Amino acid sequence: MREGGWLNGYGAVVTGGGAGIGRAIVDRYVAEGARVTVLLRSQAQADALRDVHGDRVSPVLGDVRSAADNRAAVDDAVRRWGALDVFVGNAGVYDFFRRLDSFAPDELEAGFDELFAVNVKAYLLGAQASIAALRASSGSMIFTLSSSSFYAGGGGALYVTSKHAAVGLVRQLAYELAPEIRVNAVAPGGTRTDLAGIASAGLGETRLSDVAGFAEKVAKGVPLGFLSEPADHAGHYVLLASRRDSRFTTAAIVQSDGGMAVRGA
Ligand code: NAD
């Protein structure tokens, strides 16, 4: 793999970097010269990362819903790479289009707690854990949002609400943490991954790749006409992380969604 590039010498943390969009970010960051601590839950994913990237990655097993695990990932990056230059909050879970009226009351409470713990609380915990290290490096945070941060119908009530909430998180943190830390986001549209559902709504074993007709639905719904691959988004995370190229950019959300804003009437 090509070494040395846009992120030469950068230290990074990527959460949920063992699969899907997160894995594509890790692969691209390493190709651009970064060293990456990956917060992830699966030993098999950790082993796969080590097999491909060797000591250019450091898998840290943990749960993004834990403040201590986020701190452990940040500490690992500072210790191993000398500094943390970019924190990427990316791990997420899905609700598979569940409408609000399809939930029993108890199920809704549990579903909210489970989904928001990963898609919103964990982003706040990761951000807080990385503030001191990013202040020291004049670094940045990047969060994975979604086309569901802007539009209805790409998920159910819980998911779309959570991804809209994450827009507020990006804006508020960009405001609070300026001028030392830039805070930006990438908002992918439909992407070929195994994004998992929430167990509390009976969706723990469901994967996005199981949804019949998903690729065709996405392709038909966007002007660019195809379902994206994780790697199609990765370059945006490189550009936003780059101090040289994005030093005047904060509170930006790059929409990588095939042109949903111009779908036409
Ligand atoms: P994915 O399942 O391949 O990746 C998500 C990763 O997060 C997985 O490796 C999973 O194990 C990890 N994860 C989940 N909960 C965790 C926890 N509590 N602790 C640690 N790790 C945890 O799915 P993906 O599609 O690559 O999702 C990545 C991000 O992209 C999510 O934020 C998702 O909402 C967003 N997104 C996905 C799509 C899409 O169509 N796939 C579209 C827009 C946005």
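Here, every reference points to the structure presented above.
Here's a quick rundown of the structure.

Rules of the game
- Residues numbered from 1 in each chain as written.
- Predicted model: local features only at pLDDT ≥ 70, side-chain atom pairs only at ≥ 80, totals over all residues.
- Heavy atoms only, no water.
- Near = heavy atom within 4 Å.
- Polar contact = N/O pair within 3.5 Å; in protein donor to acceptor, adjacent residues only side chain to side chain.
- Areas by Shrake-Rupley, 256 points an atom, 1.4 Å probe, with all protein chains shown as cover.
- Helix = DSSP H or I, 4+ residues; strand = E, 2+ residues; numbered from the N terminus.
- Nonpolar A, V, L, I, M, F, W, Y, C, P; charged D, E, K, R; others polar.
- Buried < 20%, exposed > 50% of the residue type's maximum accessible area, 1.4 Å probe, protein only.
- Right-handed = clockwise from strand over helix to strand, strands pointing away.
- Pairing = 2+ DSSP bridges.
- Salt bridge = Lys/Arg side-chain N within 4 Å of Asp/Glu carboxyl O.

1. A few points about the site of the ligand
- Around the ligand sit 28 residues, and of these Ile21, Asn90, Tyr159, Thr191 and Thr193 come closest.
- Contact distances for the ligand include 2.8 Å between a nitrogen atom and a side-chain N or O atom of Asp63.
- Asn90 is positioned such that a nitrogen or oxygen atom in its backbone is 2.8 Å from an oxygen atom of the ligand.
- Considering the ligand on its own, with 820 Å² of exposed area, one finds that the protein chains cover 94% of that surface.
- Within the residue set of the shell around the ligand, elements represented by two or more residues are helix H1 (20-31), helix H4 (105-137) and helix H5 (157-177).
- Each residue belonging to the shell around the ligand can be placed in one class, and the counts come to 11 nonpolar, 12 polar and 5 charged.

2. Remarks on unusual backbone geometry
- Here the amide bond leading from Ala178 into Pro179 is cis, since omega sits at 0°, within 30 degrees of zero.
- Inspection of the secondary structure puts Pro179 in the loop between H5 and strand E6 (182-188).
- Positive phi outside glycine occurs at Ala251, with the angle close to 65°.
- By the secondary structure assignment, Ala251 is in the loop between helix H8 (243-246) and strand E7 (253-256).
- Here Ala251 falls in the partly exposed class, since its relative accessible area comes to 35%.

3. Structural notes on the pairing of strand E5 (residues 140-144)
- Burial analysis of E5 places 5 of its 5 residues in the buried class, the great majority of the element.
- The side-chain alternation of E5 yields two buried faces, one formed by Ser140, Ile142 and Thr144 and the other by Met141 and Phe143.
- Handedness of the crossover is the feature at issue here: the chain leaves strand E4 (residues 86-89), passes through H4, returns alongside E5, and the resulting connection is right-handed.
- In terms of strand pairing, E5 meets E6 through 5 bridges, oriented parallel. When the bridges of E6 are listed, Ser140 appears paired with Arg182.
- Between E5 and its parallel partner E6, the chain crosses via H5, and the hand of that crossover is right-handed.

4. Re the pattern of salt bridges
- This structure, assessed with the given rule, holds 10 salt bridges.
- Ionic pairing is found between Asp27 and Arg23, a salt bridge with its closest N-O pair at 2.8 Å. On the criterion of helical spacing, the pair formed by Asp27 and Arg23 is a turn pair, its members being 4 residues apart in helix H1.
- Given a relative accessible area of 24%, Asp27 falls into the partly exposed group.
- Ionic pairing is found between Arg99 and Asp101, a salt bridge with its closest N-O pair at 4.0 Å. Each member of the pair, Arg99 together with Asp101, is exposed.
- A network of salt bridges, in which partner residues are shared, links Asp76, Arg79 and Arg80.

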